[in-house]
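# Inside the fold
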Amino acid sequence: MLTIAVEAIDFDTQACVLRVKGRNIEENQYVKMGAYHTLDLELNRKFTLHKAEWDSVALERIDQACDPTQNADLGAVVMQEGLAYICLITSSMTLVRAKIDTIIPRKRKGQCSQHDKAMTRFYDQVMQGVLRHINFDVVKCILVASPGFVKDQFYDFMFQEALKSENRVLLDNKPKFLLTHSSSGFKHSLKEVLQDPSVTARLSDTKAASEVKALQDFYAMMQTDPQRAFYGIRHVEAAFSQEAVETLLVSDELFRARDVATRKRYVHLVDGVRDNGGIVRIFSSLHVSGEQLNQLSGIAAILRFPINDPESDSEEVFSGEEA
């Protein structure tokens, strides 16, 4: 057995491998005491993790990771002619499971056969990718997004082929597919797709959609009632001290801070909001919605009632002292 004191962590989203690096702290015939070593923690590989203290957020994340119903509840195919990304959107991140990139000849006047054959091969590759990478027992909805009519042509092709081959997996799950528009076939287009009102209405029962909606509600509150929309740790803590936080939006990146006191500060805030009957949404920095939240310092809150900006209060006190 090899035991290391972890000093650095790296997660490979493509290979789904967590790499931990640190010094060996127990005598071992293969690695010297105190020597640096890197371990790959993979699915179905047993390991033991020791921590001096387990906080509520860490335990909750472990429970979610061990619950198969929490994983990959949303699939997405973002595509354009000759390019497609097959993604799984979990409660924690957006994973690219396959990229199909092929050359499609241009249509020429009176000569469309080469183009049509290439598109047929492309659609077949995407369909095989969907069957290989999407677990229909878990996924509640599969978004198919593209500019123009590529999504419609692919959808028609896929279910025509499913009828010919009597593919029950596709035929039984046909209602789960949702066609929607995107500006391109690249992964970043998922951001606009997940913000589409018609899409969020369909995805109302998935956690990925609830995170996106919470962020949209926060932005809407900033526009209509800015005294009920705070962001930044000092402002959010000021609202929490008045038991005003209705919904707390927080990035998991904040719980990975090297400083233990900083981590405890955010955990205390999460526990306190829940104890006061508030809702806590923990976003992942690997998720498109989490990336947006990180631009707002990683923490924000929608309040039950309007309160004054803490900066405004301090400015009034300062000006009063000057007087």
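Just above sits the structure.
Anyway, here's the lowdown on the structure attached to this text. These figures come from a predicted structure and were not determined experimentally.

## Description of the overall build of the protein chain
The helix and strand inventory of the protein chain stands at 11 helices and 12 strands. Principal axes of the C-alpha set define a box for the protein chain whose edges measure 85 × 65 × 35 Å. Taking all 323 residues of the protein chain together, 43% fall into the buried category. Excluding contacts between residues fewer than 6 apart, the proportion of contacts in the protein chain whose partners are at least 24 apart in sequence is 63%. Accessible area of the protein chain: about 18,300 Å², with a carbon and sulfur share of 50%. Across the protein chain, the 38 positively charged side chains and the 45 negatively charged ones have centroids separated by 9 Å.

## Focus: the side chain of S285
Relative to the assigned elements, S285 resides in the loop between β11 (279–283) and α10 (288–294). A relative accessible area of 14% places S285 in the buried class. Here R256 takes part through its side chain, which lies 3.1 Å from a polar atom of the side chain of S285.

## Points about the pairing of strand β10 (residues 245–251)
Where burial is concerned, most of β10 is hidden: 6 out of the 7 residues are buried. Here β10 runs beside strand β12 (residues 299–303); their pairing, made up of 5 bridges, is antiparallel. Residue pairing in the sheet places V250 in a bridge with I299 of β12. By the bridge criterion, 5 bridges tie β10 to β11 in an arrangement that is parallel. Along β11, the bridge assignment pairs T247 with I279. A crossover connection joins β10 to the parallel β11 through helix α9 (residues 260–275); in handedness this β-α-β unit is right-handed.

## Here we look at unusual backbone geometry
Positioned with a positive phi, E166 is a non-glycine residue whose angle comes to about 55 degrees. Its location among the elements puts E166 in the loop between α3 (150–165) and α4 (168–172). Taking relative accessible area as the criterion, E166 reaches 62% and is therefore assigned exposed. The backbone phi angle of S297 is positive, close to 80 degrees, even though this residue is not glycine.

## Some thoughts on the nonpolar core
Counting residues in hydrophobic clusters, the biggest one holds 30 residues, and the most contacted among them are M79, F122, F154 and F177. Of all the elements in the fold, those that place two or more residues in this core are β4 (74–80), β5 (83–89), β6 (94–101), α2 (113–133), β7 (141–146), α3 and α4. Formed by 23 residues, the second largest nonpolar core is a distinct cluster that contains V57, F230, V245 and V270.

## A few points about the packing of α2 against α3
Relative orientation of the contacting elements α2 and α3 amounts to 70 degrees, with a least axis distance of 10 Å. When the axis of α2 is compared with that of α3, the two are roughly perpendicular. Taking contact as the criterion, the partners of T120, Y123, D124, V126, M127 and V130 in α2 are, on α3, V150, Q153, F154, F157, M158 and E161. Tallied by class, residues from the contact of α2 with α3 come to 8 nonpolar, 2 polar and 2 charged.

## Here's the deal with the sheet that holds β7
An order of β6-β5-β4-β7-β8 is seen for the 5 strands of this open sheet, with the pairing classed as mixed. Edge positions in the open sheet fall to β6 and β8 (177–181), since each of these has one partner strand only. Averaged over all adjacent pairs, the angle separating strand axes in this sheet is 20 degrees, with direction ignored. Bridge count between β4 and β7: 5 bridges; the pairing is parallel.

## What to know about the pattern of salt bridges
The tally for this structure, following the rule as stated, stands at 11 salt bridges. Of the charged contacts in the structure, one is a salt bridge between R228 and E246, with a shortest N-O distance of 4.0 Å. Of the two residues, R228 is situated in the loop between α7 (207–224) and β9 (229–231) and E246 in strand β10; the sequence distance between them amounts to 18 residues.

## Some details on helix α8 (residues 233–241)
What sets the pattern is the α-helix's 3.6 residues per turn: residues three or four places apart point alike. Residues I233, H235, V236, A239 and F240 constitute the buried set of α8. Buried residues of α8, seen end-on, are gathered within an arc of 165 degrees and therefore sit on one face of the element.

## Concerning the sheet that holds β10
Pairing is mixed in the open sheet, where 4 strands are placed in the order β9-β12-β10-β11. A single partner strand is all that each edge strand has here, and the edge strands are β9 and β11. Ignoring which end each strand starts from, the neighbouring axes of this sheet average 15 degrees apart.

What counts, and where the lines are drawn
- Sequence order as written defines residue numbering, which begins from 1 separately in each chain.
- Only residues with pLDDT of at least 70 get local features here, since the model is predicted, and only at 80 or more are side-chain atom pairs given and counted; chain-wide, interface and lining totals rely on the full set of residues.
- The side-chain numbers reported here are obtained from all heavy atoms of the structure, hydrogens and water having been left aside.
- Only DSSP runs of H or I covering at least 4 residues are called helices, and only runs of E covering at least 2 are called strands; the numbering of each starts at the N terminus.
- Buried residues are those whose accessible area, probed at 1.4 Å on protein chains only, stays under 20% of the maximum for their type, while exposed residues exceed 50% and partly exposed ones sit between those limits.
- Between two residues, a contact is recorded if the distance between any of their heavy atoms is within 4.5 Å.
- Here the accessible surface of atoms and residues is derived via Shrake-Rupley with a 1.4 Å probe, and residues count as covered only by protein chains that are part of the display.
- In summary, the charge assignment counts Lys and Arg as positive and Asp and Glu as negative, without counting His or the chain termini.
- By convention, the point assigned to a charge is CZ for Arg, NZ for Lys, CD for Glu and CG for Asp.
- Between N or O atoms, a polar contact is any pair within 3.5 Å; within protein, one atom must be a potential hydrogen donor and the other a potential acceptor, and residues adjacent in sequence are included only when both atoms are from side chains.
- Only strands that DSSP links by at least two bridges are regarded as paired with each other.
- The definition of a right-handed crossover adopted here requires that, viewed with the strands pointing away, the path from the first strand over the helix to the second runs clockwise.
- Nonpolar core, defined: a set of buried Ala, Val, Leu, Ile, Met, Phe, Trp, Tyr and Cys residues in which side-chain atoms within 4.5 Å join the residues together.
- Lines are fitted to the C-alpha atoms to define the axes, a helix being fitted only along its stretch in contact, and any angle between axes, read from their N-to-C directions, falls within 0 to 180 degrees.
- Oblique is the label for any angle not covered by the other classes, which are roughly parallel (under 35 degrees), roughly antiparallel (over 145) and roughly perpendicular (65 to 115).
- Polar here means any residue other than Ala, Val, Leu, Ile, Met, Phe, Trp, Tyr, Cys and Pro, which are nonpolar, and Asp, Glu, Lys and Arg, which are charged; Gly is therefore polar.
- The term salt bridge refers to a side-chain nitrogen of Lys or Arg lying within 4 Å of a carboxyl oxygen of Asp or Glu.
- Here the arc refers to the set of directions running from the helix axis out to each C-beta atom.

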